[in-house]
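Secondary and tertiary structure notes
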Amino acid sequence: MWNWDYALDILPKMLHALPITIAATLAGFAIASLFGLLLAVMRRSRYKLISYPVIGFVEFIRNTPLLVQLFFLFYALPQFGIALSPFLCGVIGLGLHYSTYMSEVYRSGIEAVDRGQWEASTALNFTKGQIWLRVILPQAIPPIIPVMGNYLIVMFKETPLLSAITVVELMTTAKSLGSQSFRYVEVFTLAGLLFLVLSYASSLVVRTFELKLNRR
């Protein structure tokens, strides 16, 4: 049976772990967004020594589990003299994993830009940097904002995997509280509701940002 007294007692403890979940997600999303764009641009390079390794990297990361990648960063890298904190491993793992998905999203947006835009920019003697920053990306990014928002929500829901590398996020706290009291209904219900609130808030932010871009 549901116990309101117990639920209200553990809620502050779960809220205390919420900033870790939010910080890991937002930092990972920032890495995924920036590195994903870099991968998308590099994949379009006419030099095969650049484009082929990028294609291989994207396919390898996308087709291997995030949990395996987190274990490698946390447990294997120290054997090469690279020891990172659990939180940093989690952020890098989330960022690298989802950067490959984001690169495909960026690629679809870039390829949707009319070829004439490239040709017109070249005819106007724009540099490559100017073409990308002033012509292509402003047209490619707005249509893909909803998809990027979906990945932000997915990343929120993937943060429980960070508990496997000892990051004390929301689900780690929930499991710990449940094991102490052997009351799991309240613990996991509250955890699910908190993830629901985070996901819904993310959707609203993305939607608002999308509307602002479309009004320009």
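This write-up is about the structure you can find in this document. Please read these numbers as outputs of a predicted model, since none were measured by experiment.

Moving on, we come to a nonpolar patch on the surface. Taken together, the side chains of Trp2, Trp4, Leu8 and Val185 make up a nonpolar region of the molecular surface, amounting to roughly 460 Å² of accessible area. Residue valine 185 is classed as exposed on the basis of its relative accessible area of 53%.

Below, the discussion takes up the environment of serine 108. Assignment of secondary structure puts serine 108 in helix 4 (residues 86-111). Polar contacts involving the side chain of serine 108 include one to the main-chain carbonyl oxygen of valine 105, which spans 2.6 Å.

With that settled, the discussion passes to the nonpolar core. Of all hydrophobic cores here, the largest spans 50 residues; its most connected members are Ile10, Met14, Ile110, Ile136 and Met148. The set of elements that each furnish at least two residues to this core consists of helix 1 (4-43), helix 3 (66-76), helix 4, helix 6 (128-140), helix 7 (145-158), helix 8 (170-181) and helix 9 (185-215). At 9 residues, the largest contribution of residues to this core is made by helix 1. Ignoring any residue separated from it by four or fewer positions in sequence, one finds isoleucine 10 in contact with Leu177, Glu186, Val187 and Leu190.

Applying the stated criterion across every chain, the model contains 5 salt bridges. Glutamate 186 is the partner of arginine 183 in a salt bridge, and the nearest nitrogen-oxygen pair spans 2.6 Å. By sharing partners, the salt bridges in this structure join Arg43, Glu104, Arg107 and Glu111 into a single network.

Our next topic: unusual backbone geometry. The phi angle at asparagine 125 is positive, at roughly 65°, despite the residue not being glycine. Within the fold, asparagine 125 resides in the loop between helix 5 (115-123) and helix 6. You can call asparagine 125 exposed: its relative accessible area is 68%. Although it is not a glycine, phenylalanine 182 adopts a positive phi angle of roughly 60°. Within the element layout of this structure, phenylalanine 182 appears in the loop between helix 8 and helix 9.

This part takes up the packing of helix 1 against helix 7. Contact geometry of helix 1 with helix 7 gives a least axis separation of 9 Å together with a crossing angle of 140°. Considered as vectors, helix 1 and helix 7 are oriented oblique to each other. In this structure, helix 1 meets helix 7 at a crossing whose hand is right-handed. On helix 7, the residues that touch Thr21, Ile22, Thr25, Leu26, Gly28, Phe29 and Ser33 of helix 1 are Met148, Leu152, Met155 and Phe156. Its residues assigned to classes, the contact of helix 1 with helix 7 comprises 7 nonpolar, 4 polar and no charged.

Criteria and cut-off values
Residues numbered from 1 in each chain as written. Predicted model: local features only at pLDDT ≥ 70, side-chain atom pairs only at ≥ 80, totals over all residues. Heavy atoms only, no water. Patch = residues over 30% accessible without salt bridge, like charges linked within 9 Å, V, L, I, M, F, W, Y side chains within 5 Å. Areas by Shrake-Rupley, 256 points an atom, 1.4 Å probe, with all protein chains shown as cover. Salt bridge = Lys/Arg side-chain N within 4 Å of Asp/Glu carboxyl O. Buried < 20%, exposed > 50% of the residue type's maximum accessible area, 1.4 Å probe, protein only. Helix = DSSP H or I, 4+ residues; strand = E, 2+ residues; numbered from the N terminus. Polar contact = N/O pair within 3.5 Å; in protein donor to acceptor, adjacent residues only side chain to side chain. Core = buried A, V, L, I, M, F, W, Y, C linked by side-chain atoms within 4.5 Å. Contact = heavy atoms within 4.5 Å. Axes fitted to C-alpha atoms, helices over the stretch in contact; angles between N-to-C directions. Parallel < 35°, antiparallel > 145°, perpendicular 65-115°, else oblique. Left-handed = near helix turned anticlockwise from the far one by under 90°. Nonpolar A, V, L, I, M, F, W, Y, C, P; charged D, E, K, R; others polar.

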